[in-house]
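Residues per chain are reported as follows:
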Amino acid sequence: AKVAKAEKAMKLADPKEATIDVASQQMIVRAQELGVDTVFDRAVNMKPCSIGAQGICCKNCSMGPCRLPLPKGGIEGKDTRKSLCGATPNTIAARNFIRMIAGGASAHSDHGRGVAEVFLAAARKETDAYQIKDTVKLKALAPTLGVATTVEVDGETQDRDIYEIAVEVGEAALNEWGKPEGELLNLKRAPEALYEKWKKLGVLPRNIDREIVEIMHRTHIGVDQDYKNLMKQGTRAAIADGWGGSMLATDLQDVLFGTPFPIQSEANLGVMKEDHVNLILHGHEPILSEIVVSVAQSQEMIDYAKTKGAKGIQLSGICCTANELLQRHGIPTAATFLQQELAIITGACDAMVVDIQCIMENIANVAECFHTKIITTHPIARMEEQSVLHIEFDEHHAVEDAKRIVKIAIDNFENRNREVMIPSQKATQIAGFGVESIQYHLGGTFRGSYYTLNDNIINGRIRGIAGVVGCNNARTKHNDGHVRVVKELIKNDVIVLTTGCNAIACAMEGLLTPEAAAVHCGPGLAEVCETVGIPPVLHLGSCVDNSRILLAATEVVKAGGLGHDICDLPVAGSAPEWMSEKAISIGHYFVASGVYTVFGVTLPTSGAPVFHDYLCKQFEGLTGGMWDLEIDPIKHAQKMIAHIDKKRKELGIDK
Ligand code: XCC
């Protein structure tokens, strides 16, 4: 086991500097009292490498790493910096940037592939644990993948069998990862103008895996040495993520587990209960956790928990597994990415089940200081520590695996070995929005009545739409950027669509309730929210569900009155506290889809000003979208609003 206790010389984080969330502040103090270090402390003790942070360290061969720091006084005249092989800062930053896209796109897309495999197993009835739940969505999806929903029999049109359709949908979907020719089928779901633009630029993805592999090839020593050409491939892979792997993940999950619909729940560490078995589900894939939820809610397991002295089983989630379970089952959200260690420090976490992505290695160390059992479940995401259990999940015996997991949590309830301290903070949230429910709640269509989204954008009650998403980052105050950006937007009548850890941060702040409208919104947005009873910040789900934002924007385009392409709309994107490669891939598929996208904290491009400028200015001429970096949350939101106003003016609806 690694050293679990904090080193004596280690500096401690100032809880109030580390986070705006009072529950987290309390848990940071508690951890420090117990001598357990958390990410907040480690962030004070280790500063990031400034050359890497600027994107100009190349370690793609062993003649390096070659570092090309910006000269102190900036660049005067020609930029003569180069690596051993001669790579310029632009080449190096572009290589690093698109490798981040490859990392992010592969994470989302491999998740999607896993879902597609389980989907196919369910369609073929190889497992009892999963059914085809949303047949309406299945039928809507089928034609986009070239699968017919009806058949002609003796001159009569008949509906095809649901499972027959599902098998073909599953096969067609899986084919998207590695088909030898053609292009991704989902691309045709984008507005026509956008599809044509991609075609002209030569960035239509061929299959999902290929675009990622090609990034690894092109960024190998001595291959692509033109930052524009490198970014072209980055664009193609990012589109393959947003419109491919992520969108397929979302669609197939909806068909398997049900399309989300607005549902009430709660968020923050206060959702844990001292007198209950606390089982926390953390990661990204809902495949196993869906089954854990149904098993843990069974009378058999609740009765078993009672025999151990618990009043019941409290399930809760962290990161995007939380978002998946919240939007379909109302399972409360315990924590954001940065609070995962803190959930264990409550002393009340009896088991934390993890799948893939955003799981900090240090939770194993923290768990060793408590009774908490960490259970890894995925063959590609294991932990070295002896104390960590591995129960490898297989869709063919999903229920047995889930039962084993729930029992381990229950049996561990009696082993709590430290005083339990659960913060009292929790907030009500309404989650579970998507294209379907936005349409339903706002007049049943996107255009044509007093209630609809397009009409309210045109009449100016809603100034524009912002997609605010992404992670937390220990290099900036936890949740501060998220909450301040979102509040500034809704104050200015911009409706916010949120996913990921931004959604969790907003939930903890009470922004995901209809009541938030009266308190935080400008008069126009408040009126709309109050009339139809929705929150001003709509929770659309997990990281892969950013694809819902793409489709919502597409519906707005198709409904008419606001231009012909996503880049015509008064919309903007943002990730105020991003940290993962997935965020870069998401950011870039927003940009590639025509969205002005602002990131907070930092961008790994500042050491290559020409490349930075290419992303932030010249890209607009290619896709209509572009990147921006703004650390100050209010300025960040104001830049988004300025872009929205520019688009309103271009549309002639700025009066
Ligand atoms: Fe991970 Fe998805 Fe980022 Fe949160 S937001 S830190 S990626 S959990 Ni998608």
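All residue numbers refer to position in the chain's written sequence, counted from 1. Given that this is a predicted model, residues contribute local features only at a pLDDT of at least 70 and side-chain atom pairs are listed and counted only at 80 or more, while totals for whole chains, interfaces and linings are drawn from all residues. Neither water nor hydrogens contribute to the side-chain values; these are computed over all heavy atoms in the structure.

A. The packing of aromatic side chains, seen in detail. Note on aromatic contacts: the rings of Phe and Tyr and the six-membered ring of Trp form a pair at centre separations within 6.5 Å, being stacked when their planes are under 30 degrees apart, edge-to-face when over 60 apart, and tilted otherwise. Applying the stated criterion across every chain, the model contains 12 aromatic pairs. Seen from their ring centres, Phe97 and Trp627 are 5.4 Å apart, and the 80° between their planes marks the pair as edge-to-face. Here Trp627 lies in strand S18 (residues 627-629) and Phe97 lies in helix H5 (residues 89-123), a separation of 530 residues in the sequence. For every residue, the accessible area obtained with a 1.4 Å probe (protein chains only) is divided by the maximum for its type, and the residue is called buried under 20%, exposed over 50%, and partly exposed between those limits. Under the relative-accessibility criterion, Phe97 is labelled buried at 1%. Taking 5.4 Å as the distance between ring centres and 70° as the angle between the ring planes, the aromatic pair formed by Tyr614 and Phe619 counts as edge-to-face. Each of the two residues, Tyr614 as well as Phe619, counts as buried. Among the aromatic residues, those joined into a cluster by ring pairs are Phe97, Tyr227, Trp578, Phe599, Phe611, Tyr614, Phe619 and Trp627. Over a ring means this: the NZ of a Lys or the CZ of an Arg is within 6 Å of the ring centre and within 35 degrees of the ring normal. Above the plane of the ring of Tyr163 lies Lys125, whose end atom (NZ or CZ) is 4.5 Å from the centre. Across from the ring centre of Tyr304, 5.7 Å away, lies the NZ or CZ of Lys407, which sits over that ring. Only DSSP runs of H or I covering at least 4 residues are called helices, and only runs of E covering at least 2 are called strands; the numbering of each starts at the N terminus.

B. Seen up close, the site of the ligand. Only a single heavy atom is needed: when it lies within 4 Å of a molecule or strand, its residue is near that molecule or strand. Not every one of the 13 residues close to the ligand is listed here, only the nearest: His284, Cys358, Cys471, Cys501 and Cys543. Every element with two or more residues in the shell around the ligand is listed here: helix H13 (319-329) and helix H20 (500-508). Classifying every residue of the shell around the ligand by side-chain character gives eight nonpolar, four polar and one charged. Throughout, the edges of the domains are those of an automatic or database domain assignment. Counting only domains with at least three residues in the shell around the ligand, you end up with domain 2 (269-415) and domain 3 (429-651). In this count, Pro and Cys sit with the nonpolar residues alongside Ala, Val, Leu, Ile, Met, Phe, Trp and Tyr, while Asp, Glu, Lys and Arg are called charged and the others, Gly among them, polar.

C. Expanded view of the coordination of the nickel atom of the ligand. The donor set comprises N, O and S atoms within 2.8 Å of the metal, extended to 3.2 Å for Na, K and Ca; water molecules are omitted, so apparent gaps in a site may simply reflect that omission. Exactly one donor from the protein chain reaches the nickel atom of the ligand: Cys543 (SG), at 2.1 Å. Mapped onto the elements, Cys543 comes out in the loop between strand S15 (537-539) and helix H23 (546-559).

D. Representation of the domain arrangement of the chain within the structure. Assigned domains within the chain: domain 1 (89-257), domain 2 (269-415) and domain 3 (429-651). A separation of 31 Å is found between the C-alpha centroids of domain 2 and domain 3. In this description, contact between two residues means that some pair of their heavy atoms is separated by no more than 4.5 Å. Between domain 2 and domain 3, the contact holds 16 residues from the first and 23 residues from the second. Here domain 2 and domain 3 share an interface that buries about 1,500 Å² over both sides, 66% of which is from carbon and sulfur atoms. Reported buried area values correspond to the accessible surface (1.4 Å probe) lost by two parts on association, with both partners' losses combined. Looking at the side of domain 2 facing domain 3, the largest losses of area belong to Gln327, Thr336 and Leu338, adding up to 35% of the total buried there.

E. Just the sheet that holds strand S13 (residues 464-468), in detail. Strands sit in the order S15-S14-S13-S16-S17-S18 across an open sheet of six strands; the sheet is parallel. Only two strands of the sheet have a single neighbouring strand rather than two, namely S15 and S18. Averaged over all neighbouring strand pairs, the angle between strand axes comes to 25°, with direction disregarded. The pairing criterion is simple: DSSP has to find at least two bridges between the two strands. Examined bridge by bridge, strand S14 (residues 494-498) and S15 share three bridges and lie parallel to one another. Looking at the pairing, Thr498 lines up with His539 of S15. To obtain an axis, a line is fitted to C-alpha atoms, over the contacting stretch when the element is a helix, and the angle between two such axes runs from 0 to 180 degrees between their N-to-C directions. Lying over the sheet, helix H24 (residues 581-592) contacts strand S17 (596-599) and S18, oriented at roughly 155° with respect to S17.

F. Quick peek at the environment of Thr38. Tracing the backbone shows Thr38 in the loop between helix H2 (22-34) and helix H3 (39-45). Remark: the alpha-carbon pair of Thr38 and Glu341, spanning 303 residues in sequence, is separated by 6.6 Å. Setting aside its immediate chain neighbours within four residues, Thr38 contacts Ala31, Glu341, Leu342 and Ile345.

G. Geometry of the side chain of Thr377. Here Thr377 is to be found in the loop between strand S10 (373-376) and strand S11 (389-390). A distance of 2.7 Å separates a polar side-chain atom of Thr377 from the backbone oxygen of Val354. Every residue in contact with Thr377, bar those within four places of it in the chain, is listed here: Leu288, Val353, Val354, Asp355, His390, Ile391, Glu392, Phe393 and Ile405. Any pair of N or O atoms that falls within 3.5 Å is considered a polar contact. Within protein, one atom must be able to donate a hydrogen and the other to accept it, and sequence-neighbouring residues count only if both atoms are side-chain atoms.

H. Geometry of H24. A helix's residues, less one, multiplied by 1.5 Å, set its expected span. Its 12 residues give H24 an end-to-end C-alpha distance of 16 Å, which sits within 8% of 16 Å, the value for a rise of 1.5 Å per residue. Most of H24 is tucked away: 11 of the 12 residues are buried. Every buried residue belonging to H24 is among Lys582, Ala583, Ile584, Ser585, Ile586, Gly587, His588, Tyr589, Phe590, Val591 and Ala592, and all of these are buried. Phi turns positive, to about 100°, at Gly594, one or two residues after H24.

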